[in-house]
Amino acid sequence: MLDRLQSLAGRYEKLSELLSDPDIVNDTKKLRELSKEQSDLQEVFEAYTEYKSVMEQFDAAKEMQGEKLDDDMREMVKMELDELTTRKDELETNINLLMLPKDPNDDKNVIVEIRGAAGGDEAALFAADLYRMYTRYADVQGWKTEIMDANLNDLGGFKEVIFMITGKGAYSKMKYESGAHRVQRIPTTESGGRIHTSTSTVAVIPEAEEIEVDIRDSDIRVDTFCSSGAGGQSVNTTKSAVRVTHVPTGIVATCQDGKSQNKNKDMAMAVLRARVYDKFQQEEQAKYDGERKSKVGTGDRSERIRTYNFPQSRITDHRIGLTLHRLETVMNGDMAEIVAALTMAAQAELMDSKGE
């Protein structure tokens, strides 16, 4: 591990030199590539630098412990060794985590698709609640959100809503949200006060750059139509809504949220690229996974991952057995504890697989 860390630290320092080279500074593409590489290495470099310093202090304290000391000095050295040992262990744990294979999509923006599933109008209302939860969480993270397409029902719920979250690390924190979300509560449409169970599905897809997925103009079909809203009434009388079909895969993306046909087409193409990229990624991952299936999971849209019980203010993530009794704050965007627990579970699983 130390050899690998020394190599990475050397690369980080080399990048610092390259980024001050006038030829690199004047090459925008190269500058961006090297800046990103250095940014990815920074956390490892800082941890390794501190680890080296702690080890030097630890060795010095150990050497001093072997000398003839009075009682006070011996106690001081012992306390210092205890503190250094604790910090050394913390750094080793952190470095082991940092050295785990990184998901190449972690820093990407994401496209989130939420759909009301079982439960009719109540499922659509819950889909709207999930949308608000994610947008509020995005606000806390300093990310930006933009609706790309939406299909409302008469009660203001979403039969379907597709939106983009833009911000550093969006995928790393949102990727565990894919799956079926179950809600248990008394619907506003229920006159008898009975608790109903409904579901909405969430798909989180990393945004794909044009260079990452090759979609030729000859492979797509573009259709335009008039936008429509709840109840099917026309939102506008111009054909601003756009439907793009990727003929080889049959994947379709639609956007009708904007009034400009060009903007709607750009958004539909962004969704289409992401869906095609996601399809190819899922297929590649399946080849490597074989029978091994992640306990945390990020891709199975049909898997029931979480239950939101409103009468008991309880939220349970079934993948890791986490239960919190503060549903209201979570629905208001306070998802940090859930995201951290899922990330730790995924890291622990990676560590286990690394040791096999």
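As a reminder, the structure under discussion sits directly above these lines.
Treat the numbers as computed from the prediction; the structure is a model and nothing was measured. (Residues numbered from 1 in each chain as written. Predicted model: local features only at pLDDT ≥ 70, side-chain atom pairs only at ≥ 80, totals over all residues. Heavy atoms only, no water.)

## A word on the nonpolar core
Residues Val112, Ile114, Tyr134, Ile165, Met174 and Tyr308 are the most contacted members of the largest nonpolar core, which totals 37 residues. Of all the secondary-structure elements, those providing two or more residues to this core are β1 (110-116), α5 (121-141), β3 (158-166), α6 (170-174), β5 (196-206), β11 (322-324), α8 (327-331) and α9 (336-355). Among the elements that line this core, the one with the most residues is α5, at 9 residues. Non-local contacts of Val112, meaning those with residues more than four positions away in its chain, are made with Val161, Ile162, Phe163, Ile165, Met174, Val202, Ala203 and Val204. Of all hydrophobic cores here, the second largest spans 24 residues; its members include Val54, Val77, Leu81 and Leu84. (Core = buried A, V, L, I, M, F, W, Y, C linked by side-chain atoms within 4.5 Å. Buried < 20%, exposed > 50% of the residue type's maximum accessible area, 1.4 Å probe, protein only. Helix = DSSP H or I, 4+ residues; strand = E, 2+ residues; numbered from the N terminus. Contact = heavy atoms within 4.5 Å.)

## Here's the deal with the sheet that holds strand β6 (residues 220-225)
Strand pairing in a sheet relies on backbone hydrogen bonds. The paired strands run either parallel or antiparallel. Pairing within the open sheet is antiparallel, and its 3 strands lie in the order β6-β7-β8. Two strands bound the open sheet, and with one partner strand each, they are β6 and β8 (251-255). Between one strand axis and the next, the sheet turns by 15 degrees as a mean value, whatever way the strands run. Of the pairings in the sheet, the one linking β6 to strand β7 (residues 241-246) comprises 6 bridges and is antiparallel in character. Within the sheet, the bridge partner assigned to Ile220 lies in β7 and is His246. (Pairing = 2+ DSSP bridges. Axes fitted to C-alpha atoms, helices over the stretch in contact; angles between N-to-C directions.)

## As for the packing of aromatic side chains
Counted by the stated rule, this structure contains 5 aromatic pairs. Geometrically, the ring pair formed by Tyr12 and Phe45 is stacked, given 4.2 Å between the ring centres and 15 degrees between the ring planes. One end of the pair, Tyr12, is in helix α1 (residues 2-18); the other, Phe45, is in helix α3 (residues 28-65), and 33 residues separate them in sequence. An aromatic cluster is defined as three or more aromatic residues linked by ring pairs; in this entry it consists of Tyr131, Phe158 and Phe163. Over the face of the ring belonging to Phe58 we find Lys88, whose NZ or CZ atom lies 5.7 Å from the ring centre. We note Arg185 situated over the ring of Phe310; from NZ or CZ to the ring centre the distance is 4.8 Å. (Phe/Tyr/Trp six-rings, centres within 6.5 Å; stacked < 30°, edge-to-face > 60°. Lys NZ or Arg CZ within 6 Å of the ring centre and 35° of its normal.)

## A closer look at the pairing of β7
Counting buried residues in β7 gives 5 out of 6 residues, a clear majority hidden from the surface. Relative to β8, β7 runs antiparallel, the two sharing 5 bridges. Opposite Val244, over in β8, you have Ala253 as the bridge partner. Counted between consecutive antiparallel strands, the loop separating β7 from β8 contains 4 residues, among which Gly250 sits at a positive phi close to 80 degrees.

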